[in-house]
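# Coordinate inspection notes
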Amino acid sequence: MNYGLPYKGSKNRLAENILSLFPKKKNLYDLFSGGGAITHCALLKNRFDHVVMNDINPAMTTLFIDAAQGKYKNESRWISSDLFKAEKENDPYIACVWSFGNNLRNYLYGPDLEPLKKAWHYALFFDDYTEINKLLEVDCSELKLIKNRYNKYLESKKYIHNISESLQNYTQLTRLQSLESLESLERLERLERLERLERLERLEILSTSFENVNIEPDSIIYCDIPYENTDGYKNDFDFQTFYDWAERQTEPVFISSYKMPEDRFECIASYEHRSTLSAIANNAVIEKVFIPKTQTKLYKAEMPQPSLFEDLF
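This text gives an overview of the structure that appears in the document. Computed from a predicted model, the values in this text were never measured in an experiment.

Here we take up the overall build of the protein. Counting its regular elements, the protein contains 13 helices and seven strands. Across the 313 residues of the protein, 51% fall into the buried class. Roughly 15,600 Å² of accessible area belongs to the protein as shown, and the carbon and sulfur atoms make up 46% of that amount.

Printed below as a string of structure tokens:
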């Protein structure tokens, strides 16, 4: 199951594990929601009566709610590099889905790949195989027989693999191998899955700094804070202010990070997974979840018994 938007640093793979750490409460505050994986998972699991999704970047919360309301159900546009540059500041869909590594800044495809990816896009979305047949020097038109767009994409990958095995022409082979994935289509598919969200009246969308959010009693506070010295994140986040704020909270606070000050925060869980903080990184990282040491007793007292908690999933 994929949760949330395609986004650098997404907690998609860890969402269920992280959610399992939370004691039962009425409200969830996802204060640095990013791609919204935790919000999405919490809504699907029906764990909370009220979920607040907050991110200081309004593009991400706007894209999430638009996708959930079905705005991209019939999306089929090809976004060129020129259109991306012109519209990325105004259109969250363009900025997220069509950016390299979902970094919201750089175009998804390099100049050498753009014509080929465009031709493949036209084949899959519009059944127009004119350019792809010309560029690959092979006839892919038989894929028209497959009607479902995403099934056609999956079958096309097998088709390309089979053709590649018989080719000795280096140029053709290189072009085919570059079509092993059409990232823009895969990301659009992620957005379309958000349409399945129901009872959106439980969801509240905010776009402000974390300290401006009013936390109601009987709540969980989850903070996926910016990671220090990581590509794609600004360096103006005030970590000391955040640490002080977290320690003052009376509702349980859970913080995702690689490291936190050991004298002030306690690690309660760690997970090894592949980094998604960079478009080119695929290295194993250890991601941890912390709580303020001021809340250690509170956490241990409120954490449900494992046998009871398993029934929630």
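Right, let's talk about the nonpolar core for a bit. Counting 69 residues, the largest nonpolar core has Phe-22, Leu-28, Tyr-93, Trp-98, Trp-120, Ile-132 and Phe-254 as the members making the most contacts within it. Among all residues touching Tyr-93, those that are not within four sequence positions of it are Leu-63, Tyr-72, Glu-75, Arg-77, Trp-98, Leu-188 and Leu-191. Ile-215, Phe-237, Trp-245 and Ile-255 belong to the second-largest nonpolar core, a separate cluster that totals 21 residues.

Turning our eyes to something else, we now look at the packing of aromatic side chains. Summed over all chains, the structure comprises 24 aromatic pairs. Relative to Tyr-243, the ring of Phe-242 lies with its centre 6.3 Å away and its plane at 65 degrees, an arrangement referred to as edge-to-face. For Phe-242, a relative accessible area of 0% corresponds to the buried category. Taken together through their ring pairs, the aromatic side chains of Phe-32, Phe-210, Phe-237, Phe-239, Phe-242, Tyr-243, Trp-245 and Phe-265 make up a single cluster.

So, on to helix 2 (residues 37–45). With seven of nine residues buried, helix 2 lies mostly within the body of the structure. Those residues of helix 2 not exposed but buried are Ala-37, Ile-38, Thr-39, His-40, Cys-41, Ala-42 and Leu-43. Tucked into the core, helix 2 has its buried residues touching helix 1 (15–19), strand 1 (27–30), strand 2 (50–54), helix 3 (58–68), strand 3 (203–206) and strand 4 (219–224). Of the residues one or two after helix 2, Asn-46 is the one with positive phi, at around 60 degrees.

Here we take up the packing of helix 6 (residues 114–126) against helix 10 (residues 183–193). Two numbers describe a pair of packed helices, the interaxial angle and the distance between the axes. Their axes nearest at 10 Å, the elements helix 6 and helix 10 cross at an angle of 45 degrees. With respect to each other, helix 6 and helix 10 are oriented oblique. Contacts from Lys-117, His-121, Leu-124 and Phe-125 in helix 6 reach Glu-183, Ser-184, Leu-185 and Leu-188 in helix 10. Grouping the constituent residues of the contact of helix 6 with helix 10 by class yields four nonpolar, two polar and two charged.

Turning our eyes to something else, we now look at the pairing of strand 4. Most of strand 4 sits inside the fold, with six of its six residues counted as buried. The two faces of strand 4 match: Ser-219, Ile-221 and Cys-223 on one face and Ile-220, Tyr-222 and Asp-224 on the other face are all buried. Direction of pairing for strand 1 relative to strand 4: parallel, over a ladder of four bridges. What sits directly across from Asn-27, in strand 4, is Ser-219. In this sheet, strand 5 (residues 253–257) lies alongside strand 4 in parallel orientation, the contact comprising four bridges. Considered in strand 5, the bridge of Cys-223 is made with Ile-255.

Taken across its five residues, strand 5 has five buried, putting it largely inside the fold. Two strands pair when backbone bridges link them, and strand 5 and strand 7 (residues 284–292) are joined in this way by three bridges, in the antiparallel orientation. By the bridge assignment for strand 7, Ser-257 is matched with Lys-288.

Rules used in this analysis
Residues numbered from 1 in each chain as written. Predicted model: local features only at pLDDT ≥ 70, side-chain atom pairs only at ≥ 80, totals over all residues. Heavy atoms only, no water. Helix = DSSP H or I, 4+ residues; strand = E, 2+ residues; numbered from the N terminus. Buried < 20%, exposed > 50% of the residue type's maximum accessible area, 1.4 Å probe, protein only. Areas by Shrake-Rupley, 256 points an atom, 1.4 Å probe, with all protein chains shown as cover. Core = buried A, V, L, I, M, F, W, Y, C linked by side-chain atoms within 4.5 Å. Contact = heavy atoms within 4.5 Å. Phe/Tyr/Trp six-rings, centres within 6.5 Å; stacked < 30°, edge-to-face > 60°. Axes fitted to C-alpha atoms, helices over the stretch in contact; angles between N-to-C directions. Parallel < 35°, antiparallel > 145°, perpendicular 65-115°, else oblique. Nonpolar A, V, L, I, M, F, W, Y, C, P; charged D, E, K, R; others polar. Pairing = 2+ DSSP bridges.

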